Amino acid sequence: MDPKQISRRNFIKSIMLSSICGGLPLDILAKSSEPSFNYIQINFAGGPARWLFDNPIAPKKSSKFGKHQMIVNSFDNAGSSANISALNYKTENISGWQMPYFWKNELSLDGKTIQASSLLDNCLIVRGCHMRNDGHSLNNRKLSAPTPGHLSIPGMLADNMKAKIFPAVNLVGDSGVAGVAGGTFRSVGQAIQIDTPQNHKDPFSYLIKPFLSLGNMKGEWSGLIKSELGDNFKNDYFKMQQRYNNLVKKYKLIIESNIVADGMVNIGERKVQSISNFTNGNFTEDHAKYLNHDYLVCNNDMRTMLSTAKIEGLAEQFATTEVLVTEGLCGNISINVNTISNLYYENSYKKDSVFRKINGIGDTKFTFKSNEKSYTGSKKENSFQLDSHDTGLLPNLFLNYALYKSVSACMAQLKLSLIKSKQYEKTLIHLASEFDRDPRPDCSGSEHGWNGHISSFYSGAIKGLKVIGNTYIQSPGESYYKENGTWGQGAPVKELGDRPIVYGNIASSIADILGVKTPSENDKPIFYKEKGIIKTLIDEVDNV
Amino acid sequence: MYKLRIILLNLLLTTFSVTYGSSYITKKDIYLNRFQLYEVLKDKFGTQSEDILINNILKNSSIFFGPCDIYGQVYKTTKDGSSVRNIQAECFSGLSENKINVNAGANSLRKSWLLKTCIELVENDKTYGFFSNKYKIKNKKDIVRAFYNNTKTGFSAATKKILTAKVCSSSGWQKL
Amino acid sequence: MKKLILISICATVAICGYLLVNDDFDLTSDEYKPINAKSVFKQKCIKCHSYLEKGDEYLIQMGYVKPKDPARSMIFRYLKGANVDGPENMPPKHDFTNVEVNLIRDWINSLNVRVSSHKKVTVAAEDELSNREVFNRCSLQFTNLPSSLSAKHLVEDIDKKLITGSQACVQLLEQASLDEHGKLINNNKVTQAILLNFQKIHNNWFNEWNFFTSMSTWGTFEVLDPGSMGFFFTRSLFDKNHRIKSIFSGTDSYEGMRESQHQQKYLQYKFKEEPRYKIDDYRFIYGLSIDGEYKKWSPSRVSSGTLIGVKKIASGRDILPIIVNSKDNQEEIKPAIEIEVNKDIHKGLGGGILGSENYVNLNLGQELGKSMDGGKIIPRRWAKAVVKELLCRELPVIPVKRVRPFVQKSSSLSFRKKESCMGCHATMDNLAYLVRNVEQAYSADAGGDGMIHSTHLRYHQPSTYLEEEKTAPDSDTNFHMRPAYGRFVYQDIYGKYHNKKVKNLDELGSIISDMDDFYLCTAKKYLNYLTGVDVSMSIFSLNSLSYKEQYFKDLLEQSAQQMKKSGDLKDGMRTLIKSRVYNSRKFDVIKE
């Protein structure tokens with residue numbers, strides 16, 4: 001036999017050996033990519049300002065930042081009434097980070113209070129992300145599908161969650177489905193996403209409707225149902241529904257307690273007077289600071305604006321999420337937060353009747369018709385537009401606080417439940433909106449800050465509080481207002497080759513945590529999961 | 001040297017079995033979508049079954065698939081607002097329904113909804129009566145034959161009604 | 001275990017290298033005289049490629065050679081000196097003489113086309129559908145109805161053994177033919193269902209559809225139908241006067257011909273939870289407002305009702321006199337201005353579907369009012385959509401060695417400097433240049449209460465004073481005014497490389513409609529619809545396939561070739577419907 005040749009017997013042995021060896025690695029590779037994480041996206045479609053909440057505009061003590069009249073969060077004057085001219089931007093030191101003063105608040109939860117900052121015990125904030133183009137739908141949809149039209153993160157996660165009864169659930173709010181992240185669902189396999197009907201009053205019952213109906217069928221049918229549905233019908237859906245109903249009540253109470261100005265640190269502690277008793281010509285530019293969308297708010301005390309405020313559907317959305325995740329029915333949920341409605345206005349005027357814009361954005365002139373009737377009352381249409389173009393300084397401050405305090409309180413309640421069911425360590429909660437906002441010089445509102453998106457993440461796998469991403473102290477351009485103070489416009493990061501973070505980096509990071517393929521292959525992750533702990537790949541954070 | 005070649009060959013073949021194990025063909029089972037299911041079940045259970053089928057199947061586009069026809073929607077005024085004249089064109093959850101897959105896949109919710117539908121069809125005297133008359137149901141074999149071409153499918157149940165619901169909700173006849 | 005895999009890969013590379021550099025192979029011999037292809041193989045190839053010893057039948061079946069088609073035969077393409085744009089790197093250390101190359105070419109040309117291997121597979125007996133079952137299947141797929149309701153007469157013919165199930169399916173499909181005006185010749189519930197189902201299938205091939213999310217104007221739904229891309233294919237499928245090439249040529253657009261006994265009273269788009277908008281409460285507007293008043297426009301609304309045909313939109317039917325060019329999101333905030341355009345909103349840019357208003361509008365991917373600059377701002381999304389949706393390919397589609405000429409180290413754009421980036425951009429950007437003369441604009445600067453505005457394309461007529469650019473610019477403020485030349489940089493699925501200057505979209509359309517990739521893509525999509533089987537496009541460039549892979553490859557090639565030859569999409573469908581796989585219960589085949 002030619003020494004170069006191999007005998008048939010040895011060749012066959014080789015084949016068998018390699019078959020055994022070849023079989024193993026595939027299996028191990030498959031296991032290593034098996035997802036172990038739940039994903040809950042809390043979506044503020046419209047892009048409300050985040051600088052009062054989870055966007056620390058001066059994250060470190062040494063951070064320089066440019067002040068803007070509109071980015072303020074505390075009245076620093078003495079006396080029984082708050083003075084608008086004494087508004088300032090204040091921070092609170094939390095784990096070495098200078099977080100917005102909001103975090104000094106206490107959250108009311110079902111008979112007890114906790115520090116809002118406890119949410120930051122396991123929090124990663126990514127700021128200064130450049131979204132490349134303006135546009136609500138374009139950018140909100142990117143939050144799940146960074147490459148338009150391609151696979152979405154929830155879609156790919158759903159492919160791996162087919163064992164769950166609901167591979168993906170989209171709790172639809174005011175914004176509907178098509179124009180927001182939830183409308184981009186696209187999976188490789190045949191995984192489905194259930195979209196609850198827009199603003200459905202009972203989303204959980206909608207989801208489990210067939211099981212409830214089948215569970216109500218007694219007698220000869222119960223045997224058939226059990227045998228046909230097997231494991232899917234093992235759950236006690238009636239018990240879950242009862243639990244859901246109780247949770248809705250709980251979350252409603254939580255929202256009611258936290259949405260009011262009473263209890264808000266600093267801004268809720270004193271009367272904040274609005275403008276009143278003006279006649280023709282007695283307008284100043286300061287009046288723009290009291291605009292809210294279609295009304296000039298003239299409440300005697302601005303805090304009363306929130307006395308009848310509601311966030312429709314939020315309690316139901318959180319209750320549904322809590323039951324779905326803790327009962328193992330679903331681990332892939334989108335919550336679309338509705339706006340605050342039913343604001344109370346006192347002696348207020350329709351905006352169009354009292355002033356008009358000249359020369360486009362941010363340049364207002366005022367007129368007043370003395371026979372205009374003022375309005376006092378509360379109705380659903382009195383609302384806070386999350387796309388707060390025309391929400392002036394004072395309403396912006398109170399309404400954002402109310403929104404984020406309510407949502408934070410709900411998140412804190414959800415967190416407790418996830419910890420109890422040992423799921424917090426393997427759940428990633430993602431607070432997202434299209435972008436932050438670029439405040440107007442006259443404080444009459446703010447524009448889209450498409451070059452300054454912020455995402456904050458909450459998970460037991462994140463140890464401590466970390467902030468990453470650079471922003472400009474003063475905008476160099478490519479935004480509505482140049483040199484407008486620090487609001488969060490993304491600045492280059494050296495670790496990314498001197499360019500700002502883009503959403504693809506965030507998407508790749510989320511994909512890594514969730515154990516799915518990234519939908520944004522050209523963008524490297526900026527945080528990742530290693531042995532169950534989330535770590536960051538970039539550490540830069542400063543104002544430049 | 002000879003043994004080294006054996007070892008190298010093993011490693012080479014190992015690599016190949018890892019890297020070339022995938023196929024270029026993937027196949028997904030396709031099931032009747034909501035429009036097809038609606039027509040088939042309406043044919044079997046009569047026009048009286050329309051309400052049951054609309055509420056359970058036609059309106060569940062994310063579970064049973066089948067895109068809507070945006071411009072097929074001609075609206076009429078109703079007491080409460082408006083509704084679509086041709087319900088089969090309706091985009092129940094919005095215009096994005098026009099991009100749902102034409103082909104339906106299997107999922108656990110499909111089974112639940114279909115079982116609910118079939119039980120309701122069977123419980124309804126009119127629809128079950130129509131079914132029984134159409135297929136001249138005398139015994140259990142007739143029930144199976146109403147959905148499958150042969151009767152050797154291994155279905156059994158205590159009563160004809162239960163068997164009908166069982167066969168109706170089984171996946172075999174729904175596969176295209 | 002991951003280390004073991006790494007070692008294995010290194011071992012593979014080492015072994016290959018060992019084989020390549022081994023001087024044990026003697027490629028020259030005093031006795032060698034090339035007299036035929038086999039003698040050449042024996043002398044120069046077999047030592048490394050032993051499969052070349054096997055017979056012609058084997059080489060054809062395995063895809064190493066295509067009878068009478070040297071340019072597409074793998075063996076030939078690898079030969080040095082073959083000059084067919086192949087890799088041409090064999091044998092590695094020596095050359096082929098012209099004589100040897102010609103001998104191999106002649107041999108390939110002498111081969112007879114063999115019976116496709118898909119006739120050498122069969123269906124397991126228990127899986128074979130009866131004719132009735134086959135017809136019931138296609139009846140449900142085409143009409144949503146069981147066969148007893150869709151075409152009872154065809155069921156009877158099947159029972160009488162006059163036709164097979166597949167033949168009945170084809171006849172059912174034929175029923176939905178359109179006349180010269182685009183209307184169903186036989187207009188009934190069944191044919192309407194067939195037409196609508198196929199329109200839905202074709203509609204699903206195109207990703208972008210939402211005027212509101214793509215362009216922020218819900219009103220656009222009232223004047224433009226997002227399904228219009230699908231109509232190009234639907235018209236071609238059912239109208240024998242519209243061959244496949246018509247999909248890719250001209251500036252005409254199509255819309256659904258619809259009928260309804262009732263008048264449409266409401267708008268299609270419903271915003272949030274508000275009550276549906278009544279048509280009588282809304283009017284189309286254009287231009288800027290003067291004291292709150294807008295100019296009234298009266299375009300034709302997209303018709304509503306049952307789909308009964310596909311018609312060409314008459315040229316000049318809906319002319320938009322003025323567009324509003326809003327320069328938001330620029331460094332300086334400029335007020336919106338009116339621009340007189342007198343634009344036919346349905347007229348495309350050429351190339352049929354490629355330049356159709358909807359396809360470009362929905363895939364432009366740039367902000368309102370942004371002119372193309374040749375660098376960062378070009379309609380790349382449109383280019384990607386063309387490659388993905390019409391050719392079923394994902395970028396990059398050119399091999400690494402072809403990328404280098406497109407790299408511009410001196411560019412200020414980071415992606416132009418890197419080969420890894422230019423692998424995609426070389427194709428994408430050069431294609432996108434063909435659509436440089438457009439940008440999006442509103443019909444009016446605001447919509448809302450009682451007023452509808454929509455988004456359209458503003459066309460910049462190329463200036464005769466501007467020449468085409470010499471190289472891809474980093475940023476050229478005149479780019480959008482230059483002649484819209486582009487380049488088709490693409491390696492097709494069989495490995496043929498294209499790098500051709502293209503003057504306009506009609507020319508691009510002509511290239512695409514001549515390419516096998518398009519027909520294979522279309523066949524693949526139809527197969528997926530009919531059977532749930534998805535065949536990767538990579539299969540067409542492989543040789544060593546399992547019998548099943550070979551079967552599907554041959555089936556799709558046959559379907560594609562039929563469509564290409566006749567220009568009729570129905571021919572491709574017929575091939576698939578008659579295939580063994582479609583007549584199988586599980587859509588599966590086994591070896592005969």
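### Examining the overall build of chain B
Alright, step 1. The number of helices and strands found in chain B is eight helices and three strands.
Alright, step 2. Scanning chain B from its N terminus toward the C terminus, one meets helices and strands in the order α-β-α-α-α-β-β-α-α-α-α.
Alright, step 3. Here chain B holds 176 residues, and 48% of them are scored as buried.
Alright, step 4. Within chain B, counting contacts between residues at least 6 apart in sequence, those at least 24 apart form 61% of the total.

### Points about the environment of Glu 549 of chain C
Alright, step 1. Checked against the element boundaries, Glu 549 of chain C lands in helix 21 (residues 547–566).
Alright, step 2. By C-beta crowding, Glu 549 of chain C is classed as partly exposed, having 17 other C-beta atoms within 10 Å.
Alright, step 3. With 10 residues separating them in the primary sequence, Glu 549 of chain C and Ile 539 of chain C have C-alpha atoms 7.6 Å apart.
Alright, step 4. Setting aside its immediate chain neighbours within four residues, Glu 549 of chain C contacts Tyr 24 and Ile 25 of chain B together with Ile 539 of chain C.

### Focus on the confidence of the model for chain C
Detailed reading of the predicted coordinates is not advisable wherever pLDDT falls low.
All names here are of chain C.
Alright, step 1. On average, residues of chain C score 88 in pLDDT, and 91% of them reach the 70 mark or higher.
Alright, step 2. Confidence drops under pLDDT 50 across residues 19–29; counting only partners more than four residues distant or on other chains, this segment forms seven contacts.
Alright, step 3. Scored below 50 in pLDDT, residues 328–333 shows eight contacts in the model against residues more than four places distant or in partner chains.
Alright, step 4. As a predicted assembly, this complex carries a pTM of 0.84 together with an ipTM value of 0.88.

### Things to note about unusual backbone geometry
Alright, step 1. Between Leu 395 of chain C and the following residue, Pro 396 of chain C, the backbone shows a cis peptide bond with an omega angle of 5 degrees.
Alright, step 2. Following the sequence through the fold, Pro 396 of chain C ends up in the loop between helix 15 (380–391) and helix 16 (400–403).
Alright, step 3. Not every positive phi belongs to a glycine, and Asp 110 of chain A is a case in point at roughly 45 degrees.
Alright, step 4. Examined against the element boundaries, Asp 110 of chain A turns out to sit in the loop between strand 6 (106–109) and strand 7 (112–115).

### Regarding the sheet that holds strand 9 (residues 451–452) of chain C
All names here are of chain C.
Alright, step 1. Taken in spatial order, the three strands line up as 4-3-9 in an open sheet, and their pairing is mixed. In the strand order of this sheet, the two ends are held by strand 4 (293–297) and strand 9, each with one partner.
Alright, step 2. With two bridges connecting them, strand 3 (residues 283–290) and strand 9 associate as parallel partners. Bridge pairing links Phe 284 to Ile 452 in strand 9.

### Points about the environment of Tyr 528 of chain A
Residues and elements named next belong to chain A.
Alright, step 1. Mapped onto the fold, Tyr 528 is located in strand 28 (residues 527–530).
Alright, step 2. We classify Tyr 528 as partly exposed; it has 16 C-beta atoms within 10 Å.
Alright, step 3. Separated by 425 residues in the primary sequence, Tyr 528 and Trp 103 place their C-alpha atoms 26 Å from one another.
Alright, step 4. Setting aside its immediate chain neighbours within four residues, Tyr 528 contacts Ser 509, Asp 512, Lys 535 and Leu 537.

### Remarks on the confidence of the model for chain B
Alright, step 1. Averaged over chain B, the pLDDT score is 87; the fraction of residues at 70 or greater is 86%.
Alright, step 2. A low-confidence stretch, residues 13–22 of chain B (pLDDT under 50), is modelled with 19 contacts involving residues beyond four sequence positions or located in other chains.

### Some words on the domain arrangement of chain B
Much of the literature gives interface size as the accessible area that the parts lose upon coming together.
Residue and element names in this part refer to chain B.
Alright, step 1. When its domains are assigned, chain B resolves into domain 1 (34–66 + 103–174) and domain 2 (67–100).
Alright, step 2. Domain 1 and domain 2 are separated by 25 Å when their C-alpha centres are compared.
Alright, step 3. Facing seven residues of domain 1, the contacting portion of domain 2 comprises eight residues.
Alright, step 4. Partitioning the side of domain 1 that touches domain 2 into residue classes produces four nonpolar, two polar and one charged.

### Some thoughts on the pairing of strand 11 (residues 486–491) of chain C
All names here are of chain C.
Alright, step 1. Of all the six residues making up strand 11, five are buried; the element is thus mostly covered by neighbouring parts of the structure.
Alright, step 2. Bridging between strand 11 and strand 12 (residues 497–502) involves six bridges; their strand directions are antiparallel. Paired with Arg 487 across the strands is Lys 501, a residue of strand 12.
Alright, step 3. A loop of five residues connects strand 11 with strand 12, the two strands running antiparallel in sequence, and Gly 495 in this loop sits at a positive phi of about 100 degrees.

### Quick look at the interface of chain B and chain C
Alright, step 1. Residue-level contacts link 40 residues of chain B with 51 residues of chain C.
Alright, step 2. Going through the elements one at a time, helix 1 (2–19), strand 1 (25–27), helix 2 (34–45), strand 2 (75–78) and strand 3 (81–84) of chain B are the ones with two or more residues in the side of chain B that touches chain C.
Alright, step 3. Per-element tally for the side of chain B that touches chain C: the top contributor is helix 1 of chain B, with six residues.
Alright, step 4. In the sheet, strand 1 of chain B pairs with strand 13 (residues 533–535) of chain C via three bridges, with the strands oriented antiparallel. Looking at strand 13 of chain C, one finds that Lys 27 of chain B is bridged to Val 533 of chain C.

### Considering the domain arrangement of chain C
All names here are of chain C.
Alright, step 1. Assigned domains of chain C: these are domain 1 (2–110), domain 2 (121–174 + 515–591) and domain 3 (217–508).
Alright, step 2. Taken together, the four residues of domain 1 in the interface contact four residues of domain 3.
Alright, step 3. Within the side of domain 1 that touches domain 3, the residues separate by chemical class into no nonpolar, one polar and three charged.

### A few points about the environment of Glu 469 of chain C
All names here are of chain C.
Alright, step 1. With respect to the helices, strands and loops of the structure, Glu 469 is situated in the loop between strand 10 (455–459) and strand 11.
Alright, step 2. Spatially, the C-alpha atom of Glu 469 lies 33 Å from that of Ser 216, the residues being 253 residues apart in sequence.
Alright, step 3. Setting aside chain neighbours within four positions, we find Glu 469 in contact with Gly 374, Asp 476 and Arg 482.

What counts, and at which threshold
Residues numbered from 1 in each chain as written. Chains lettered and ligands numbered in written order. Predicted model: local features only at pLDDT ≥ 70, side-chain atom pairs only at ≥ 80, totals over all residues. Helix = DSSP H or I, 4+ residues; strand = E, 2+ residues; numbered from the N terminus. Buried ≥ 20, exposed ≤ 12 C-beta atoms within 10 Å, placed from the backbone. Contact = placed C-beta atoms within 7 Å. pLDDT = per-residue confidence, 0-100. Pairing = 2+ DSSP bridges. Domains from an automatic or database assignment. Nonpolar A, V, L, I, M, F, W, Y, C, P; charged D, E, K, R; others polar.

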